[in-house]
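So the chains spell out like this:
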Amino acid sequence: MRALRSALLRRLDWGAGARMRDGPRARVGRCRGGWRRAMGLSVLLLLALCAGGARGLYFHIGETEKRCFIEEIPDETMVIGKYRTQMWDKQKEVFLPSTPGLGMHVEVKDPEGKVVLSRQYGSEGRFTFTSHTPGDHQICLHSNSTRMALFAGGRLRVHLDIQVGEHANNYPEIAAKDKLTELQLRARQLLDQVEQIQKEQDYQRYREERFRLTSESTNQRVLWWSIAQTVILILTGIWQMRHLKSFFEAKKLV
């Protein structure tokens, strides 16, 4: 998404520079056909900016409900989750900020089922963990509402935003802390992106290896099952022939 925004901005800057170099006549000559392209690029840029900002989601839970999400994460990758809760007001019929007494319990499990994070937070919080095993991580949230006369069968809206990898880095804070120039900060971002791409590639190779092993194991099982079926069929045929032979001999038919 960032690459798309950068490409669109470069396209707009290049087009503006080209019109300036062509001079006044060229601007007049391109006015009729150029405004449509400019409008199209503006719409695309607006859509890209809107899509880049829409990373969060919200969901509704009850007093005893538990919601879990599956996030596919490479190994040694930092994940940051932010959430805030809103409580349904029956009188005003709107969602209002939750009271300080309401909290959320966050639990994270790795692909092997081991608990990576299990902690109680407030009505608004931020949790962080680092994956050590590649694969599907389960992120579960539920309220600490067993004692709740607070929303007594009502609904709770939870806004959740999960950032994975280099998207979890706060680059303005890093630049201020390390006193980086704009060029140094951009180089830092590129290095983080390259590192994240490498982790994604390693994870895809890991998935491919697991899929290959599973396929080979399945093929081997199918082969042995076919051999077992053939042996059982042959033994059944031999037993039937011997049984029929003894039957005919008992009846003195042969």
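An unreviewed UniProt entry lists the protein under the name Transmembrane p24 trafficking protein 4, from Ailuropoda melanoleuca. According to UniProt, the comment filed for the protein under the heading Sequence similarities (unreviewed entry) is "Belongs to the EMP24/GP25L family."

Novice: Describe the overall build of the protein, with residues and values.
Specialist: A tally of helices and strands in the protein yields five helices and nine strands. From first element to last, N terminus to C terminus, the protein shows the α and β order α-α-α-β-β-β-β-β-β-β-β-β-α-α. Taken across its 254 residues, the protein has 28% of its residues classed as buried. For the protein, restricting intrachain contacts to residue pairs at least 6 apart in sequence, the fraction spanning at least 24 positions comes to 72%. Accessible surface computed for the protein: about 18,200 Å², of which carbon and sulfur atoms make up 57%.

Novice: Give me the lowdown on helix α5 (residues 182-250), citing residues and values where you can.
Specialist: Here α5 is 69 residues long and its end C-alpha atoms lie 101 Å apart, about the 102 Å a rise of 1.5 Å per residue gives. Looking at α5, one finds that the buried residues are Leu-185, Gln-189, Asp-192, Gln-196, Lys-199 and Tyr-203. Of the residues one or two after α5, Lys-252 is the one with positive phi, at around 55 degrees.

Novice: Which residues make up the UniProt feature "transmembrane region" (unreviewed entry) in the protein, and what values do they have?
Specialist: Mapped onto the present numbering, the UniProt feature "transmembrane region" (unreviewed entry) falls at residues 222-241. Helix and strand shares over residues 222-241 are 100% and 0% respectively, and the end C-alpha atoms of the span are 29 Å apart.

Novice: Give a description of the nonpolar core that names residues and reports values.
Specialist: Tyr-83, Val-106 and Phe-127 are the most contacted members of the largest nonpolar core, which has 21 residues in total. Where this core is concerned, the elements lending two or more residues are β1 (57-61), β3 (77-89), β5 (104-109), β6 (115-121), β7 (124-131), β8 (135-143) and β9 (156-164). Among the elements that take part in this core, β9 stands out by supplying five residues, more than any other. In this view, Phe-127 contacts Val-79, Ile-80, Gly-81, Tyr-83, Val-106, Leu-117, Tyr-121, Ile-139 and Leu-160; residues no more than four positions away in its chain are not counted.

Novice: Give a detailed account of the pairing of strand β4 (residues 94-97), specifying residues and quantitative values.
Specialist: Summarising the sheet, β3 and β4 pair through four bridges and their orientation is antiparallel. Looking at the pairing, Gln-86 lines up with Pro-97 of β4. Between the end of β3 and the start of β4, which pair antiparallel, lie four residues, with Glu-93 showing a positive phi angle near 60 degrees.

Novice: Now, about the sheet that holds β5: what can you tell me, with residues and values included?
Specialist: Spatially, four strands are ordered β2-β8-β5-β6 in an open sheet, and the strand pairing comes out antiparallel. The strands lining the two open edges of the sheet, one partner per strand, are β2 (66-73) and β6. Within this sheet the neighbouring strands show an average axis-to-axis angle of 15 degrees, counted without direction. Bridge count between β5 and β8: six bridges; the pairing is antiparallel. From the neighbouring strand, His-105 faces β8, where its bridge partner is His-142.

Novice: Break down helix α4 (residues 171-178) for me, with residues and values.
Specialist: Looking only at α4, the buried set comprises Tyr-171, Ile-174 and Ala-175. Down the axis of α4, the smallest arc covering the buried residues is 100 degrees, so these residues share one side. With respect to the buried face of α4, the exposed residues turned more than 90 degrees away are Pro-172, Glu-173, Ala-176 and Lys-177. Downstream of α4 by a residue or two, Lys-179 has a phi angle that is positive, lying close to 55 degrees.

Novice: Lay out the pattern of salt bridges in plain terms, naming residues and giving numbers.
Specialist: Taken as a whole and judged by the stated rule, the model has eight salt bridges. Notably, a salt bridge pairs Arg-205 with Asp-202, separated by 2.2 Å at the nearest N-O pair. Here Asp-202 and Arg-205 lie together in helix α5, a separation of three residues that amounts to about one turn. On the accessibility criterion, Asp-202 (33% relative accessible area) is partly exposed.

Novice: Tell me about the packing of α4 against α5, residues and numbers included.
Specialist: Interaxial distance between α4 and α5 falls to 10 Å at its minimum, and their mutual angle equals 125 degrees. One finds that α4 runs oblique with respect to α5. For the pair α4 and α5, the crossing hand works out as right-handed. Within the contact between the two elements, α4 uses Tyr-171, Ile-174, Ala-175 and Asp-178 and α5 uses Leu-185, Arg-188, Gln-189 and Asp-192. The residue makeup of the contact of α4 with α5, split by class, is four nonpolar, one polar and three charged.

Reading guide: rules and limits
Residues numbered from 1 in each chain as written. Predicted model: local features only at pLDDT ≥ 70, side-chain atom pairs only at ≥ 80, totals over all residues. Heavy atoms only, no water. UniProt positions renumbered as here; feature names shortened; annotations may be inferred. Helix = DSSP H or I, 4+ residues; strand = E, 2+ residues; numbered from the N terminus. Buried < 20%, exposed > 50% of the residue type's maximum accessible area, 1.4 Å probe, protein only. Contact = heavy atoms within 4.5 Å. Areas by Shrake-Rupley, 256 points an atom, 1.4 Å probe, with all protein chains shown as cover. Expected span 1.5 Å × (residues − 1). Core = buried A, V, L, I, M, F, W, Y, C linked by side-chain atoms within 4.5 Å. Pairing = 2+ DSSP bridges. Axes fitted to C-alpha atoms, helices over the stretch in contact; angles between N-to-C directions. Arc of directions from axis to C-beta. Salt bridge = Lys/Arg side-chain N within 4 Å of Asp/Glu carboxyl O. Parallel < 35°, antiparallel > 145°, perpendicular 65-115°, else oblique. Left-handed = near helix turned anticlockwise from the far one by under 90°. Nonpolar A, V, L, I, M, F, W, Y, C, P; charged D, E, K, R; others polar.

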